[in-house]
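Analysis of the macromolecular model
As a plain string of letters, each chain reads:
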Amino acid sequence: MAWWGPSPSRMSSCSLQPPPQEAPRSHHAPIIGQQAEQCYTSTFSRPAWRESEAVQKYENGGNSVDSLSERTTLPGNTETEKLQQNKDTVFFRDGVRRVDFVLSYVEDKDGEKKQERRRAFEANLEKEGLELETEDKSDAKDQRTYFLKIHAPWNVLATYADVLKIKVPFKTSDVPHGQDVPLEWLSHPFRLPEHIMRPQPDYFTYPFDKTKTDFFLINDKDTFFPPSTRNRIVYYILARCPYYKEGLKERDKTGIKRLLSNGTYTAAFPLHDCRYWKRARNAECESERYNLYQHWARFLIFYKEQPLNLIRKYYGEKIGIYFAWLGFYTEMLFFAAVMGVICFTYGLLSYEENVSSKEICNADIGGSIVMCPLCDKKCPFWKLNSTCLSSWQSHLFDNEGTVFFAIFMGIWVTLFLEFWKRRQARLEYEWDLVDFEEEQQQLQMRPEFEIQCTNKRLNKITQEMEPYLPATSKCARFCLSTATVIFWVSLIVACIIGVIAYRLAVYAAFASIIKDPLRKIQLVGRFITPQLATSVTASCINFVIIMILNFFYERVAIWITDMEIPKTHLEYENRLTMKMFLFQFVNYYSSCFYVAFFKGKFVGSPGDYTYMFGRWSNLRNEECDPGGCLIELTTQLVIVMSGKQLWGNIQEALLPLMRNWWSSRKGRRHPENHYSRWEQDHALLNFTQLGLFYEYLEMVVQFGFITLFVASFPLAPLLALFNNILEIRVDAWKFTTQFKRPVASKARNIGAWQEILNAVAILSVVTNAFIMAFTSDMIPRMVFLYAYGENETMIGYVNNSLSMYKISQIHEDNMPEERDDWFGNSTTTCRYRDYRYPPGHNNEYSHTMQFWHILAAKMAFIIIMEHVVFVVKFLVAWMIPDVPTGVKARFKRERYLIQEYLHNYEVERLKLQLSASFITEPQSGMSLLTDKHEMVSECL
């Protein structure tokens, strides 16, 4: 079932009606092309002959028998000038033939060679049956760009629709859409008008067959194929059309992509149907771009649903699937954001019940505890109550509610993925993609593969010779690609190590500056600890490094994927996806992994500190704040995630706007009847083949942030929700106003991204369990509460969690250069975060039994949490079917009706053939009649 193009039950009002003699006009196109080519080569210095050809042809009923002199005077004809009064149109000058594709080019120093390529290419296009019309550069506002308009007549569309197995309507659907939902009136404020949500009638469809045109609902051949299908067919021809002369087969001279890369043409694009801010001049004509802008691309309607069917009709299924997934992801984020806000609110409300922070801030408890220096030489002894503020901040995110939220997010991820499969199955049915075979679309051989692979071998299935890449070449390319990826991933790791070294080196500097009583920054020093200052600056530097590496690696990934010469479009996208996500995973998440799982875990003790590159480096491993490392992970996550989203929105919104403003600044002063539709679209940015790839990549990286490390920052889903609400409208605005119309393409799912999301979802359960066990202080607090606390309270936890060390036993290299008087007189010991026996004990400075109890509790927590979440995940996945029962029933009903209708059609067709044969053929006897009746009976 599908919603299909303009209704075949009525003639389109968007085009003028051709005269009766125009039906066979496509049969004359090759003849006209040959005559025009002769005129071009003998008379004209520029390709103006196609401009007059179409008008001449239609004024003479499709016969091209007029003299050369008559055709050369046509551009000045007053009737033609009337047709040219409004150039903001998507039709040829005759007002009948629709412009399905536009190629643009300019004449330059290398003009002769490029002109020869264009002649050969355009001649071959005409041999394929396409009709061409050229707009001379004198009509362009820049006075230098030619525009070649391409129209695909019915014969061409029918032929290639048959080749590509494009599904078209043959019967109005009688399958109901579904039952009314209870309390549906509550959703009315979020709904769009019905004609926007369902812009097309609902039909049963079947792959087009050129020999069975009477089987399909073809009332108007000009509008039977919608514009998105027409431009897809034309692009298929352009991508495979050669530009070498007849008899000279040069395999590398094939396709519009190559002509664009060598500058023969400057752009190739289908046209938008109108300006986005106003409807087409013909009030009865559908202005889909205008409707998309009004009901989708404006930010003020962010609360409205997306017109997915209109998006699919205008841009194709592949772009429609992306926006359907993005919208569904945003809807599901709402529930995660609400739960995150509840957990954060719990942290605020339990603020006063935080006994640990009260003890740290207490002058008699925290103020009397002297802590050991956190770095060598530059760091002084310090009092525990100096971390009062950071301990309160840690409690906001490190509390009992965080455990619940981590478990909830593990289940939420499963629900999101399973419900998306159901939504995707429903879209496959509604958009007629259930029987969509990737072999027909995504698995079509790439033109680049056909050109670069000169070796051929027999295909055992098709029994045809096809190009292939030898195993030796494939292995060499794979090895080079793998080595390149490993090099860049190693480069990222090296940069992260450099950032860690920066953290270790500058921590001492921040400690001496912030704690220096002679400097006038005491007010700031009360709120910014050395740990916080180091974490913030290191996170910012890390973010800048991420952006720089990302900029270069994007180009490297595309280069090595091109070098591998993937056979199909699907294979190309999957390989590039895996390379880019592997890089982005290491690039964006490595710093968070360091803070979560490495910082503060390998510090040692005051008598035996651990150094990053050995003792000679003087780079002592970082310690966590007494409040824990979770607040630093939160800081890292907020800076990297928010910075990426902010930078991404600037790139997506401001850069296209500035580029288009600069390129179209001349045309803005001209009214639409002088500024043609192809010139307006030519000034827009190209939507490349990898355009959607970057959109998916951005969202999947965000998905990793809100799942892998969400236990450290429950408000991450809320930030993602706000960003995605903006992202949907920014992307819609870009597609509608800033980009050329992309070539429509099909896709039944989100491709390799689905498997990446599944892998991230599984990994997120593990990372959050480890964060709660080893980064958070939740487990040590629980062990103290139920095993060591007095009357099961948290009183005394701070003192219990800090070990003692004799100051006199600290090595001179670890002692501060400047020693204050107060510590030497007040105490002989300093405290540090660990569970070790005090000096003087039989097991001095070795781990206490409590340390092993806590470690056992952490491991038990990880095992229990992982198993509980995984069991629930698999149970939920098993309980929720991927395809809704209603969709299965409707699909079976549709399949049955299609088979029945097709059977009846074939029987009636055979009856007519037999009846015609019975009337026209001489009757030789009763045996012939008997045989025919038996055939009919057998068919029935």
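Computed from a predicted structure; not experimentally measured. (Residues numbered from 1 in each chain as written. Predicted model: local features only at pLDDT ≥ 70, side-chain atom pairs only at ≥ 80, totals over all residues. Heavy atoms only, no water.)

1. Structural notes on the overall build of the chain
For clarity, the threshold we go by: For helices the rule is a DSSP run of H or I covering at least 4 residues; for strands it is a run of E covering at least 2, with both sets numbered from the N terminus onward. Classification of residues uses two cut-offs on accessible area relative to the type maximum, computed with a 1.4 Å probe and protein chains only: under 20% is buried, over 50% is exposed, and between them is partly exposed. Any two residues having at least one pair of non-hydrogen atoms within 4.5 Å are treated as being in contact. All accessibility values rest on the Shrake-Rupley procedure with a 1.4 Å probe; residue burial counts only the protein chains present in the view.
Tallying secondary structure elements over the chain gives 32 helices and 15 strands in all. Counting the 940 residues in the chain, one finds 54% classified as buried. Sequence separation of 24 or more characterises 78% of the internal contacts of the chain that already satisfy a separation of 6 or more. Within the structure as shown, the chain displays about 43500 Å² of accessible surface, and the carbon and sulfur contribution to it stands at 60%.

2. Thoughts on the state of the cysteines
Cut-off, in case you're wondering: Disulfides are defined as cysteine sulfur pairs within 2.5 Å.
Within the structure shown, the criterion is met by two disulfides. Through a disulfide, cysteine 361 is tied to cysteine 388; the S-S separation comes to 1.8 Å. Of note, the bridge from cysteine 361 to cysteine 388 carries an S-S torsion of about 100 degrees and is right-handed in sense. Of this pair, cysteine 361 sits in helix H14 (residues 355-361) while cysteine 388 sits in helix H15 (residues 388-397), placing them 27 residues apart in sequence. For cysteine 361, a relative accessible area of 25% puts it in the partly exposed group. The disulfide bridge from cysteine 372 ends at cysteine 830, spanning 1.9 Å between sulfur atoms. Measuring the twist about the S-S bond at about 85 degrees, one finds the cysteine 372-cysteine 830 disulfide to be right-handed. Taken together, the residues span a long stretch of sequence, with cysteine 372 in the loop between strand S8 (370-371) and strand S9 (382-383) and cysteine 830 in strand S15 (residues 829-833) at a distance of 458 residues.

3. Description of the confidence of the model for the chain
Stated formally: One confidence number per residue, pLDDT, is output by the predictor and ranges from 0 to 100.
Of the residues in the chain, 80% reach a pLDDT of 70 or more, and the chain-wide mean stands at 79. Of the regions scoring below 50 in pLDDT, residues 5-85 engages in 126 contacts with residues more than four places distant in sequence or in other chains. Below pLDDT 50 for its whole length, residues 516-525 participates in seven contacts with residues either more than four positions away or in separate chains.

4. What to know about the packing of aromatic side chains
Convention followed: Working definition: a ring pair exists when centres of Phe, Tyr or Trp rings (six-membered ring for Trp) sit within 6.5 Å. Plane angles under 30 degrees give stacked, over 60 give edge-to-face, the rest tilted. Geometrically, a lysine NZ or arginine CZ counts as sitting over a ring once it is within 6 Å of the ring centre and also within 35 degrees of the ring normal.
Enumeration over the complete set of coordinates arrives at 67 aromatic pairs. With 5.7 Å between their ring centres and 50 degrees between their planes, tryptophan 325 and tyrosine 696 make a pair best called tilted. A residue pair is termed long-range when its members are at least 10 positions apart, and tryptophan 325 in helix H13 (residues 317-349) and tyrosine 696 in helix H24 (residues 691-708) qualify at 371 residues. Across the pair, exposure class does not vary: tryptophan 325 and tyrosine 696 are buried alike. Between the aromatic rings of phenylalanine 344 and phenylalanine 397, the centroid separation amounts to 5.7 Å while the plane-to-plane angle is 35 degrees, which identifies the pairing as tilted. Of this pair, phenylalanine 344 sits in helix H13 while phenylalanine 397 sits in helix H15, and the two are 53 residues apart along the sequence. In this structure, arginine 555 is placed above the aromatic ring of phenylalanine 551, and the distance from its NZ or CZ to the ring centre is 3.9 Å. Above the ring of phenylalanine 269, the side-chain terminus of lysine 740 is found at 5.6 Å from the ring centroid.

5. Focus: the packing of helix H21 (residues 569-597) against H24
To keep it simple, the criterion reads: To obtain each axis, a line is fitted to C-alpha atoms, and for helices this fit is confined to the stretch in contact; angles are then taken between N-to-C directions over 0 to 180 degrees. Crossings are sorted by hand: turned counterclockwise from the far helix by less than a right angle, the near helix makes the crossing left-handed, and turned clockwise it makes it right-handed. The residue classification treats Ala, Val, Leu, Ile, Met, Phe, Trp, Tyr, Cys and Pro as nonpolar and Asp, Glu, Lys and Arg as charged. All others, Gly included, are polar.
Taken N-terminus to C-terminus, the directions of H21 and H24 make an angle of 35 degrees; their axes are 11 Å apart at the nearest point. Both H21 and H24 take part in a crossing whose hand is right-handed. Residues Leu576, Thr577, Met580, Phe581, Gln584, Phe585, Tyr588, Tyr589 and Cys592 of H21 touch H24, and the partners they reach there are Phe693, Leu697, Val700, Val701, Gly704, Phe705 and Leu708. For the contact of H21 with H24, the residue count by class is 13 nonpolar, three polar and no charged.

6. Here we look at helix H9 (residues 227-240)
The line we're drawing: Expected helix span is computed as 1.5 Å times (number of residues minus one).
Taking 1.5 Å per residue as the helical rise, H9 with its 14 residues ought to reach 20 Å, and the 20 Å between its terminal C-alpha atoms agrees with that figure. All buried positions along H9 are accounted for by Ser228, Thr229, Arg230, Asn231, Arg232, Ile233, Val234, Tyr236, Ile237, Leu238 and Ala239.

7. A look at the nonpolar core
In summary, soluble globular proteins display a tendency toward joint burial of nonpolar side chains. Quick reminder of the rule: Grouping buried Ala, Val, Leu, Ile, Met, Phe, Trp, Tyr and Cys residues that are joined through side-chain atoms within 4.5 Å yields what is termed a nonpolar core.
Of all hydrophobic cores here, the largest spans 130 residues; its most connected members are Trp325, Tyr329, Trp412 and Phe705. The element best represented in this core is H13, accounting for 16 residues. Apart from residues lying up to four places away in sequence, tryptophan 412 is in contact with Tyr329, Met332, Leu333, Ala336, Phe703, Ile706 and Thr707.

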